[in-house]
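Structural description and commentary
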Amino acid sequence: MTKKPLTLINKKNIRVDGRKLDELRPIKIELNIIGNANGSAYIEQGKNKILAAVYGPKEVHPRHLALPDRALLRCQYHMSPFSVKERKRPAPSRRETEISKVIRECLSPSIFGEYYPRTSIDIYIEVLEADGGTRCSGIIAASLALADAGIPLRDLVAACAAGKVEEHLVLDLNGPEDNKGTDMPIALMPTFNAVTLLQMNGILTTDEFEQALNLAVKGCEQVYTLQKEALKARYINVKEEVEEE
Ligand code: CDP
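Below is a summary of the structure that appears in this document.

Conventions used here
- Residues numbered from 1 in each chain as written.
- Predicted model: local features only at pLDDT ≥ 70, side-chain atom pairs only at ≥ 80, totals over all residues.
- Heavy atoms only, no water.
- 1 Å grid on protein atoms, 1.4 Å probe; cavity = no way out; pocket = protein on both sides within 12 Å on 5 of 7 lines; lining within 4 Å.
- Points joined across faces, edges and corners; volume = space filled by probe spheres on them.
- Helix = DSSP H or I, 4+ residues; strand = E, 2+ residues; numbered from the N terminus.
- Nonpolar A, V, L, I, M, F, W, Y, C, P; charged D, E, K, R; others polar.
- Pairing = 2+ DSSP bridges.
- Polar contact = N/O pair within 3.5 Å; in protein donor to acceptor, adjacent residues only side chain to side chain.
- Contact = heavy atoms within 4.5 Å.
- Near = heavy atom within 4 Å.
- Areas by Shrake-Rupley, 256 points an atom, 1.4 Å probe, with all protein chains shown as cover.
- Sits in = over half its atoms within 2 Å of the grid points.
- Axes fitted to C-alpha atoms, helices over the stretch in contact; angles between N-to-C directions.
- Patch = residues over 30% accessible without salt bridge, like charges linked within 9 Å, V, L, I, M, F, W, Y side chains within 5 Å.
- Salt bridge = Lys/Arg side-chain N within 4 Å of Asp/Glu carboxyl O.
- Lys, Arg positive; Asp, Glu negative; His and termini not counted.
- Charge placed at Lys NZ, Arg CZ, Asp CG, Glu CD.
- Phe/Tyr/Trp six-rings, centres within 6.5 Å; stacked < 30°, edge-to-face > 60°.
- Buried < 20%, exposed > 50% of the residue type's maximum accessible area, 1.4 Å probe, protein only.

**Description of the layout of surface pockets**
Reported here for the largest pocket is a volume of approximately 830 Å³. Lining the largest pocket are 30 residues, and of these Ala 130, Asp 131, Gly 132, Gly 175 and Asp 178 lie nearest its centre. Secondary structure elements with two or more residues in the lining of the largest pocket: α1 (94–107), α2 (134–148), α3 (175–180) and β8 (182–189). Of all the elements, α3 adds the most residues to the lining of the largest pocket, at four residues. Classifying every residue of the lining of the largest pocket by side-chain character gives eight nonpolar, ten polar and twelve charged. Taken as a whole, the second largest pocket holds about 170 Å³ of empty space. Across the lining of the second largest pocket, the residue classes tally to six nonpolar, two polar and three charged.

Below is the structure:
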């Protein structure tokens, strides 16, 4: 008997994790969870579990890297060895180096770095569990960690991927979808309608690209609402703590 090939989207357009084509994975965000950092955030997005911590603005080490007119922004995205099915070597891979670079570049326009010349702002993103779209989840958490550190921002940076799986355009690809289909992660500063990251892994036609971009922007707008709620919840907690004292 020949086996039927496994499909990721059924006839009713429902995905393997029960989502509709244009539905985000469930997102849970918490701020201020790393006591030793200046700002931090934790995100769960579907099976992704990611921590972001921010240190700074602080004195730059080594000092010769200091910039005379703005803060030096550094970013390290790292996947823990236990974050994926097959143990990942702990040393930074080329993929992690690339993701660190694009995340730094996509967050940089949101930061008033000129307020802090000759300092550094260090962002650490640690993936505890990965299931596709970790750069987007990492960006969501890192932008909130920057806000939690009290760093003045032009806007929060939201992020979301759209792409194509088995001839369907879908939002927020999970691991199996990411492996099989075309993935297009974007980051957005919604107040300015400014895209600060756009990558694509796979092939789309021009029409599909436009539709996927619109879908990803809509995803970012939903993410942005959740980010603002998480930030508000953090300050309601602070208010309650102050009132208790
Ligand atoms: O995570 P993101 O989609 O931003 O980046 P990717 O390079 O497209 O990786 C997609 C997914 O592949 C990750 O989220 C992981 O679930 C998986 N992966 C893995 O299993 N082992 C690795 N060494 C790297 C990625």
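Here the narrative resumes, following the displayed structure.
**Focus on the pairing of strand β9 (residues 194–198)**
Look at any regular strand and the pattern is simple: side chains alternate between the two faces of the sheet. Two strands pair when backbone bridges link them, and β8 and β9 are joined in this way by four bridges, in the antiparallel orientation. Across the sheet, Ile 186 pairs through a bridge with Leu 198, a residue of β9. The hairpin formed by β8 and β9 contains four residues between the paired strands, and Asn 193 there has a positive phi angle of roughly 50 degrees.

**Quick notes on the side chain of Arg 15**
Position of Arg 15 relative to the elements: it lies in the segment before β1 (27–31). From its side chain, Arg 15 meets the backbone oxygen of Leu 21 in a polar contact 3.0 Å long. Polar side-chain contacts of Arg 15 include one of 3.3 Å to the backbone oxygen of Asp 172. Among all residues touching Arg 15, those that are not within four sequence positions of it are Leu 8, Ile 9, Lys 20, Leu 21, Asp 22, Glu 23, Val 170, Leu 171, Asp 172, Leu 173 and Glu 177.

**A closer look at the site of the ligand**
If you check the shell around the ligand, you find Met 79, Val 84, Arg 95, Ala 130, Asp 131, Gly 132, Gly 133, Thr 134, Arg 135, Asp 178 and Asp 183 and nothing else. Backbone polar atom of Gly 132 to an oxygen atom of the ligand: 2.8 Å apart, as the coordinates give it. Here the ligand, which alone exposes 510 Å², has 73% of that area covered by the protein. Here the ligand occupies the largest pocket. When its residues are assigned to classes, the shell around the ligand shows three nonpolar, three polar and five charged.

**Looking at the sheet that holds strand β7 (residues 168–171)**
Spatial ordering of the open sheet is given by β7-β6-β8-β9, a layout of four strands whose pairing is antiparallel. Strands at the two margins of the open sheet, each flanked by one partner only, are β7 and β9. Neighbour-to-neighbour, the strand axes of this sheet turn through a mean angle of 25 degrees, independent of strand direction. Note: strand β6 (residues 158–165) against β7, four bridges, orientation antiparallel. Note that in β7 the partner of Ala 162 across the bridge is Leu 171. The strands touched by helix α4 (residues 206–244) are β6, β7, β8 and β9; relative to β6, the strand with the most contacts, the crossing angle is about 145 degrees.

**Side note on a negative patch on the surface**
A surface patch of like charges, here negative, comprises Glu 240, Glu 241, Glu 244 and Glu 245. Tracing the backbone through its elements, the reader meets Glu 241 in helix α4.

**Some details on the packing of aromatic side chains**
Taken as a whole and judged by the stated rule, the model has three aromatic pairs. Measuring from centroid to centroid gives 5.9 Å for Tyr 55 and Tyr 124, while their planes differ by 80 degrees, and the two rings are edge-to-face. A residue pair is termed long-range when its members are at least 10 positions apart, and Tyr 55 in strand β3 (residues 48–59) and Tyr 124 in strand β5 (residues 119–129) qualify at 69 residues. Judged by its relative accessible area of 26%, Tyr 55 falls in the partly exposed class. Here the aromatic residues Phe 112, Tyr 115 and Tyr 116 are joined through ring pairs into a cluster of three or more.

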